[in-house]
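# Examination of the molecular architecture
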Amino acid sequence: MIKVVKFGGSSLANADQFRKVKDIIKSDADRRFVVPSAPGKRFSADTKVTDMLYACYNLAESDSDFDDALKAISDRYSEIINGLGLNLTLAAEFDQIRKDFAAHAGVEYAASRGEYLNGIVLAAYLGFEFLDSAEYVFFREDGTFDADKTNEALSSKLRGMKNAVIPGFYGSLPDGRVKTFSRGGSDITGSIVARAVQANLYENWTDVSGCLVTDPRIVDSPKVIDVITYRELRELAYMGFNVLHEDAIFPVRTAGIPINIKNTNAPKDPGTLIVESTSRKPAFTITGVAGKKGFTAINIEKDMMNAEIGFGRRILQAFEDNGINFEHMPSGIDTMTVVVHQSEFEQKEQTVLAEIRKLTNPDSIDISTDIALIAVVGRGMRSNRGVAAKIFGALDRASINVRMIDQGSSELNIIIGVSNNDFEDAINVIYHAFVQ
Ligand code: ASP
């Protein structure tokens, strides 16, 4: 068995967290390849090392004095190194960084140093070999990630190794300059390494015991999802469900490697398993509930609309011509509703409406604003009758008016539109209808 383990910033924020990480790795010999983030926040008002690096480089770039800012970063690493009693100094690395910053080596190079240095510290602490990701993770000249070249280089290097620490978040361009993924990108590196070594499991260690059924800021202590499929995750992620970097799914999904979200502070908790498919029924019929506020619904009515070929296309054309994405499009016999982001629509509203009128000559156009969309997602909805009745019964009992319904043909999700003001209540009511 091979496991690739990625640790997020909060798991490596200080010496105590490093100790937990070492215990986790050493307790299972399968945990052979380790991908660290940069040190994160030690307490809620703290600053992540990555953000300190961005700020420090900003000073360097405008030729202001950045010595104190760089010293504060080196202090973060000294605190960890001394706290662990390691015989290690990063003085040479910081000298190089100071020179590179003064020479304006680039903001992505600057940001990547958080993971680079943390990788060196973690490798020394674990007694594993350190690999610089700039030599194994490649981007093309246009800045896009080069999956094939990376996979070749990484798999041939790692094949012969028992263990290694490969820092997250960055790689290099063809000319050798360092390039980073977007924020949170260490998740992607973990996934790439898992694919390269054909791991059996990609463990993503963070500070929560897995994905929660819904947002804990809305529902008090929601339950953890035990197993979720990639498709369910995608539906929920689209609605703001934020677990992993979106681009971290692809490499492991194509290689058939499951992801396990685990908690560094509670390593015995099973966490959430993310898989391609499963015979395991979700614990509560629904897998998750997520939503977003701020949508507008444009409702177009025309008698005999359904007999008019090309009607739908012409309506969508009015949106397309104005560069507006549509989110959903529930329709009736003589009505069609197009749901869009309010902020995107507002500025172009009159032009779009004029174009719809011109192209389709409707009987009426009605606009509802301040709509929140809620996605109720679950593979269990297919085989369970009465799911919709349960949702709408619960909303009705709470006197919440449903302004729109859209059920995807996959039977994997139901999208419900309510007023922005009812958003939090609706999520609570739906959650409690299924999760006891
Ligand atoms: N350290 C980087 C960030 O803060 C990347 C990561 O943690 O995944 O975005």
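Here goes a summary of the coordinates provided. (Residues numbered from 1 in each chain as written. Predicted model: local features only at pLDDT ≥ 70, side-chain atom pairs only at ≥ 80, totals over all residues. Heavy atoms only, no water.)

## Section: the overall build of the chain
The condition is simple: Helix and strand definitions here come from DSSP, where helices need a minimum of 4 consecutive H or I residues and strands a minimum of 2 consecutive E residues; each element is numbered from the N-terminal end. Each residue is placed in one exposure class: buried if its accessible area under a 1.4 Å probe, protein chains only, is under 20% of its type's maximum, exposed if it is over 50%, and partly exposed if it falls in between. Contact definition: two residues touch when any of their heavy atoms are within 4.5 Å.
Looking only at helices and strands, one finds 14 helices and 14 strands in the chain. Seen through its principal axes, the chain has C-alpha atoms that stretch 80 × 50 × 40 Å. By residue count, 52% of the 436 residues in the chain fall in the buried class. Long-range pairs, those at least 24 residues apart, make up 75% of the contacts in the chain between residues at least 6 apart in sequence.

## Concerning the environment of Val 219
Note that Val 219 resides in the loop between strand E6 (201-206) and strand E7 (227-229). Separated by 120 residues in sequence, Val 219 and Val 339 place their C-alpha atoms 26 Å apart. Once residues lying within four places of it in the same chain are set aside, the contact partners of Val 219 are Thr 214, Ile 427, Asn 428, Tyr 431 and His 432.

## What about the sheet that holds strand E13 (residues 404-407)?
Remark on secondary structure: sheet strands pair via backbone hydrogen bonds, oriented parallel or antiparallel. What counts, and what does not: If DSSP finds at least two bridges between two strands, the strands pair. A fitted line through C-alpha atoms represents every axis, and for helices the fit uses only the stretch in contact; the resulting angles, taken between N-to-C directions, go from 0 to 180 degrees.
In space, the five strands of this open sheet follow the order E11-E10-E12-E14-E13, with antiparallel pairing throughout. Every interior strand has two partners, whereas the edge strands, strand E11 (335-341) and E13, have only one. With direction set aside, neighbouring strand axes in the sheet form an average angle of 35 degrees. Alignment of strand E10 (residues 288-301) against strand E12 (residues 364-377), held across 11 bridges, turns out to be antiparallel. Its bridge partner being in E12, Phe 295 is matched across the sheet by Ile 371. This element, helix H12 (residues 349-360), spans E10 and E12 of the sheet and lies at about 110 degrees to E12. Against the sheet, helix H14 (residues 423-434) makes contact with E10, E12 and strand E14 (413-419), and its axis sits at roughly 125 degrees relative to E10, the strand it touches most.

## Description of the pairing of E11
Counted residue by residue, E11 has five buried out of seven residues, so it is predominantly covered. Bridge count for E10 against E11 is seven bridges, and the pairing is antiparallel. From the neighbouring strand, Ile 298 faces E11, where its bridge partner is Val 338.

## Here's the deal with the packing of aromatic side chains
Condition: Stacked, edge-to-face and tilted are the three classes for Phe, Tyr and Trp ring pairs, Trp counted by its six-membered ring, which pair at centre distances within 6.5 Å; planes under 30 degrees apart are stacked, over 60 edge-to-face, the rest tilted. Any Lys NZ or Arg CZ found within 6 Å of a ring centre and within 35 degrees of that ring's normal is scored as a charge over the ring.
What the rule picks out here adds up to 11 aromatic pairs. The interplanar angle of 70 degrees and the centroid separation of 6.1 Å between the aromatic rings of Phe 139 and Phe 145 together place this pair among those described as edge-to-face. The partly exposed category is assigned to Phe 145, whose relative accessible area is 24%. In this structure an aromatic cluster arises from ring pairing among Tyr 57, Phe 66, Phe 101 and Tyr 109. The residue whose ring lies beneath Arg 113 is Tyr 116, and the NZ or CZ to ring-centre distance is 4.1 Å.

## Looking at the packing of helix H2 (residues 49-61) against helix H3 (residues 67-84)
Two packed helices can be described by the angle between their axes and the distance between those axes. Test applied: Working rule for angles: under 35 degrees goes down as roughly parallel, over 145 as roughly antiparallel, 65 to 115 as roughly perpendicular, anything else as oblique. Note: crossing handedness is left-handed where the near helix turns anticlockwise from the far helix by less than a right angle, and right-handed where it turns clockwise. Charged residues are taken to be Asp, Glu, Lys and Arg, nonpolar residues to be Ala, Val, Leu, Ile, Met, Phe, Trp, Tyr, Cys and Pro, and polar residues to be all remaining types, Gly included.
Where H2 meets H3, the axes come as close as 9 Å, and the angle between the chain directions of the two elements is 155 degrees. The angle between the axes of H2 and H3 places the two elements in the roughly antiparallel class. The element H2 and its partner H3 pack so that their crossing is left-handed. Listed contacts from H3 to Val 49, Met 52, Leu 53, Cys 56 and Leu 59 of H2 are Ala 69, Leu 70, Ala 72, Ile 73, Arg 76 and Tyr 77. Of the residues that constitute the contact of H2 with H3, the class distribution is 10 nonpolar, no polar and one charged.

## Here's the deal with empty space enclosed by the protein
To keep things clear, this is the line we draw: Definitions used throughout: a 1 Å grid over protein atoms alone; a cavity as a set of points that fits a 1.4 Å probe which cannot get out; a pocket as an open set with protein on both sides within 12 Å along at least five of seven lines; a lining residue as one with an atom within 4 Å of a point. Grid points are joined across faces, edges and corners, and a volume is the space filled by probe spheres set on the points.
What the rule picks out here adds up to one cavity of 30 Å³ or more. Forming the boundary of the largest cavity are Val 213, Val 224, Ile 225, Asp 226, Val 227, Pro 282, Ala 283, Phe 284, Ile 286, Thr 287 and Arg 379. Residues of the lining of the largest cavity, tallied by class, amount to eight nonpolar, one polar and two charged.

## What about the site of the ligand?
Definition in use: The cutoff for a nearby residue is simple: one of its non-hydrogen atoms must lie within 4 Å of the molecule or strand. Think of a polar contact as two N or O atoms within 3.5 Å of one another; within protein, one of them needs to be a possible hydrogen donor and the other a possible acceptor, and neighboring residues in sequence only count if both atoms come from side chains. Only the protein chains shown count as cover for residues, and all accessible areas are computed by the Shrake-Rupley method using a 1.4 Å probe.
Near the ligand, the surroundings consist of Ser 37, Lys 48, Thr 50, Glu 115, Phe 169, Arg 183, Gly 184, Gly 185 and Ser 186. Within the side chain of Thr 50, a nitrogen or oxygen atom sits 2.8 Å from a nitrogen atom of the ligand. Gly 184 is positioned with one of its backbone polar atoms (N or O) 2.8 Å from an oxygen atom of the ligand. When the free accessible area of the ligand is taken as 260 Å², the share hidden by the protein chains comes to 92%. When the residues that make up the shell around the ligand are grouped by side-chain class, the tally is one nonpolar, five polar and three charged.

## A look at helix H10 (residues 311-321)
Stated formally: This arc is taken over the directions from the axis of the helix to the C-beta atoms.
Considered for burial, the residues of H10 that qualify are Phe 311, Arg 314, Ile 315, Ala 318 and Phe 319. Within H10, the buried residues cover an arc of 145 degrees as seen down the axis, which keeps them to one side. With respect to the buried face of H10, the exposed residues turned more than 90 degrees away are Arg 313 and Glu 320. Buried residues belonging to H10 abut E10, E11, helix H11 (342-346) and H12. Gly 323 sits one or two residues past H10 and shows a positive phi near 70 degrees.

## What to know about the sheet that holds strand E8 (residues 259-263)
What the seven strands build is an open sheet, ordered E3-E2-E1-E6-E8-E9-E7; its pairing is mixed. The two strands at the open ends of the sheet, each matched to only one other strand, are strand E3 (164-165) and E7. Pairing of strand E1 (residues 3-7) with strand E2 (residues 31-36) involves five bridges; the strand directions are parallel. What sits directly across from Phe 7, in E2, is Pro 36. Strands E1, E2 and E6 of the sheet are contacted by helix H1 (residues 15-26), whose axis makes an angle of about 175 degrees with E1.

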